[in-house]
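Given next are the chains, with one letter for each unit.
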Amino acid sequence: MAEKIIILGVETSCDETSAAVVADGHEILSNIISSQIPVHRKFGGVVPEIASRKHVELISSVIAEAMEKAGVAYSDLTAVAVTYGPGLVGALLVGVSSAKALAYTLNLPLIGVNHIESHIYANFLANPKLEFPVVCLVVSGGHTDLVFLESHGNYRLLGRTRDDAAGEAFDKVARAMGLGYPGGPLVDKLSVEGNPEEISFPRVLLESDTLDFSFSGLKSSALNYLNKARMKGEEVPQADLAASFQQAVVDVLVHKALAAAKKCNVKTVILAGGVASNSGLRRELSKRALEEGITIGYPPPVLCTDNAAMVACAGYYKFLRGDTAPLTLNAVASLKLGQEKY
Ligand code: KG4
Ligand code: ZN
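Keep in mind the model is a prediction, meaning the values are calculated, not measured.

A word on the sheet that holds strand β7 (residues 144-151). Think of a sheet as strands paired side by side through backbone hydrogen bonds, with each pair either parallel or antiparallel. Read across the open sheet, the 5 strands follow the order β8-β7-β6-β9-β10; overall the sheet is mixed. On the outer flanks of this sheet lie β8 (154-160) and β10 (295-297), each paired with one strand and no other. For this sheet the average axis-to-axis angle between neighbouring strands, irrespective of direction, equals 25°. Pairing of strand β6 (residues 134-139) with β7 involves 6 bridges; the strand directions are antiparallel.

As structure tokens, this is what we get:
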């Protein structure tokens, strides 16, 4: 039997310190995620300096735990893959330095992975039989991108947000509503009890030909609604507000994702990133895609938010292509998809 390709993945781009061991690109032997959410919650968002310090404190034990849980020895590893951008530069540097140190001491190939690419590859982790071409809607706290994938590593950006990312809009509205951080899952949960048609919110760029998004107008509209109600001393219908806001985000995301599939003549649409866990998005996309004969896919929630198994998976396909990085690899805060240069 051919030997397995075993990759150690490392992810520290934002507020999750994560390490994972994945065999042959899909067999998750371990996926340790140490979330800093409780630390950042009191600030209502991620504080970059604190995130970097926490990563430094945690990274060695998280990697050790991932190796132990996987039951593999360092000598069993084939390569080390690490997120080197985009993200918070101080946070990224912790993962990159650790991965470089391991690759150097163990004499293993180093693989630099783009964070967006790794979110996309969570789909291959969940479904290694996924076939190209596909359109992927990447929706996270930092990004809202529509990407066309023709083959492994072959990306074309079709559209992106011109202002706020979808997750960012969820988080800011949730914060103003007093729901807490991160807001996306809380709005999602609350919206189940609300009426999505109760409050009319704008669907920006919905009818326009562009595959770009814009969520700042919607966010402001929700914040204005809240302020007006509070100024008048009226009780805010929290569940209706959550449901109506979420529906406005979902309508635009679904419409554009299906328009992108049509434009590229693609029959499969996949979701990636933290917001891909949103129940309304999954439900609406499933319904509309069925009507249009499009197949959809999305990873389980634990693989949608930041985790190192997706990094190891993306690293596996890069390793197969011989796409390894030199030990001079550096963190690149604004790294663009498909434009990686070491
Ligand atoms: O991908 P991710 O873990 O980190 C980034 O790369 O940004 O995404 C985090 C984002 C946060 O904005 C969070 O509120 C959002 O994903 N999120 C959700 C849901 N779960 C996480 N947004 C809406 N509905 C959810 N169920
Ligand atoms: Zn992410």
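Another point: the pairing of strand β4 (residues 79-85). Of all 7 residues in β4, 7 are buried; the element is thus mostly enclosed. By the bridge criterion, 4 bridges tie strand β1 (residues 6-11) to β4 in an arrangement that is parallel. Bridging across to β4, Gly9 finds its partner in Ala81. Of the strand pairs in this sheet, β4 and strand β5 (residues 110-114) are connected by 5 bridges, and their pairing is parallel. Residue pairing for β5: Ala81 is matched across the bridge by Ile111. Between the parallel pair β4 and β5, the chain is carried across by helix α3 (residues 89-106), and the sense of this crossover is right-handed.

Here we come to the site of ligand 1. Taken together, 20 residues sit near ligand 1, with Gly141, Asp171, Gly184, Asp188 and Asn278 positioned nearest. In this structure, an oxygen atom belonging to ligand 1 sits 3.1 Å away from a side-chain N or O atom of His119. At 2.6 Å, a side-chain N or O of Asp171 approaches an oxygen atom of ligand 1. Summarising the interface, the protein chains cover 89% of the accessible area of ligand 1, which totals 550 Å² for the free molecule. A molecule is said to occupy a pocket when more than half its atoms come within 2 Å of that pocket's grid points, and by this definition ligand 1 occupies the largest pocket. Elements represented by at least two residues in the shell around ligand 1 include exactly α4 (115-126), α5 (166-177) and α6 (183-191). Among the residues making up the shell around ligand 1, the classes are represented as 5 nonpolar, 12 polar and 3 charged.

What counts, and at which threshold
Residues numbered from 1 in each chain as written. Chains lettered and ligands numbered in written order. Predicted model: local features only at pLDDT ≥ 70, side-chain atom pairs only at ≥ 80, totals over all residues. Heavy atoms only, no water. Pairing = 2+ DSSP bridges. Helix = DSSP H or I, 4+ residues; strand = E, 2+ residues; numbered from the N terminus. Axes fitted to C-alpha atoms, helices over the stretch in contact; angles between N-to-C directions. Buried < 20%, exposed > 50% of the residue type's maximum accessible area, 1.4 Å probe, protein only. Right-handed = clockwise from strand over helix to strand, strands pointing away. Near = heavy atom within 4 Å. Polar contact = N/O pair within 3.5 Å; in protein donor to acceptor, adjacent residues only side chain to side chain. Areas by Shrake-Rupley, 256 points an atom, 1.4 Å probe, with all protein chains shown as cover. 1 Å grid on protein atoms, 1.4 Å probe; cavity = no way out; pocket = protein on both sides within 12 Å on 5 of 7 lines; lining within 4 Å. Sits in = over half its atoms within 2 Å of the grid points. Nonpolar A, V, L, I, M, F, W, Y, C, P; charged D, E, K, R; others polar.

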